[in-house]
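Now for the letters of each chain:
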Amino acid sequence: MTPRLETDDTAGCRQPHVNPEWWHDEARTPQEITRAKNICKGVGGRPACPFLDPCLDYALRITVSGIWGGETETERRRMRRERGINARPAYFHPGRNNAWVARQMHSRGVSVRAISERLGITDQAVRQILARVA
Ligand code: SF4
């Protein structure tokens, strides 16, 4: 069965004061990557994201890019090797969560490519989502 990840507006990366691009590790500065990871894991007395464990589990089983569950893509590759996990390719799930994240990122000027990499879906799928809500 294909892994699924369901989150809601309590997720750390969905808070209004954060920039969703911080979770797109290829494009970010080391400080932004650390900030995103800290929001996932919780530091300095702040609680961890309530979806930390399922988010990491999902991203270990599906080949998505960016920071998920507090770990970068490189860190997840190492964890998969250590745990003997074979990841499956990402698939397009035109669900409410993907659409919400895509709209949020798009409204902040994030590129279609960065959105598609963050969600693990195709550029075309992102354009379809954005066209539906336009
Ligand atoms: S653990 Fe996952 S859902 Fe939570 S803030 Fe990090 S990337 Fe977002």
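Residues numbered from 1 in each chain as written. Predicted model: local features only at pLDDT ≥ 70, side-chain atom pairs only at ≥ 80, totals over all residues. Heavy atoms only, no water.

**Considering the pattern of salt bridges**
Okay, step 1: Applying the stated criterion across every chain, the model contains six salt bridges.
Okay, step 2: Here Asp-57 ties to Arg-61 by a salt bridge, and the two come within 3.0 Å at their closest N and O atoms. Placement of the pair is Asp-57 and Arg-61 together in helix α2 (residues 52-61), with a separation of four residues, close to one helical turn.
Okay, step 3: On the accessibility criterion, Asp-57 (35% relative accessible area) is partly exposed.
Okay, step 4: On the accessibility criterion, Arg-61 (35% relative accessible area) is partly exposed. (Salt bridge = Lys/Arg side-chain N within 4 Å of Asp/Glu carboxyl O. Helix = DSSP H or I, 4+ residues; strand = E, 2+ residues; numbered from the N terminus. Buried < 20%, exposed > 50% of the residue type's maximum accessible area, 1.4 Å probe, protein only.)

**Structural notes on the nonpolar core**
Okay, step 1: Counting residues in each nonpolar core, the largest one holds 13 residues, and the members touching the most others are Ala-102, Ile-115, Leu-119 and Ile-121.
Okay, step 2: Discounting chain neighbours no more than four positions away, the residues touching Ala-102 are Ile-115, Leu-119, Ile-129 and Leu-130.
Okay, step 3: Counting residues in hydrophobic clusters, the runner-up holds nine residues, among them Val-18, Ile-33, Leu-52 and Ile-67. (Core = buried A, V, L, I, M, F, W, Y, C linked by side-chain atoms within 4.5 Å. Contact = heavy atoms within 4.5 Å.)

**Remarks on the side chain of Arg-14**
Okay, step 1: The topology assignment puts Arg-14 in the segment before α1 (30-41).
Okay, step 2: A distance of 3.4 Å separates a polar atom in the side chain of Arg-14 from a polar atom in the side chain of Asp-9.
Okay, step 3: Filtering out sequence-adjacent residues up to four positions away, Arg-14 remains in contact with Thr-7, Asp-8, Asp-9, Asn-97, Trp-100 and Val-101. (Polar contact = N/O pair within 3.5 Å; in protein donor to acceptor, adjacent residues only side chain to side chain.)

**Re the packing of aromatic side chains**
Okay, step 1: In total, this model carries two aromatic pairs according to the counting rule given.
Okay, step 2: Centre to centre, the rings of Tyr-58 and Trp-68 are 5.6 Å apart; their planes meet at 35°, and the pair counts as tilted. On the criterion of sequence distance, the pair formed by Tyr-58 in helix α2 and Trp-68 in the loop between β1 (62-63) and α3 (73-83) is long-range, its members being 10 residues apart.
Okay, step 3: Assessed through its relative accessible area of 9%, Tyr-58 is described here as buried.
Okay, step 4: Its end group placed over the ring of Trp-22, Arg-35 keeps NZ or CZ at 4.6 Å from the ring centre. (Phe/Tyr/Trp six-rings, centres within 6.5 Å; stacked < 30°, edge-to-face > 60°. Lys NZ or Arg CZ within 6 Å of the ring centre and 35° of its normal.)

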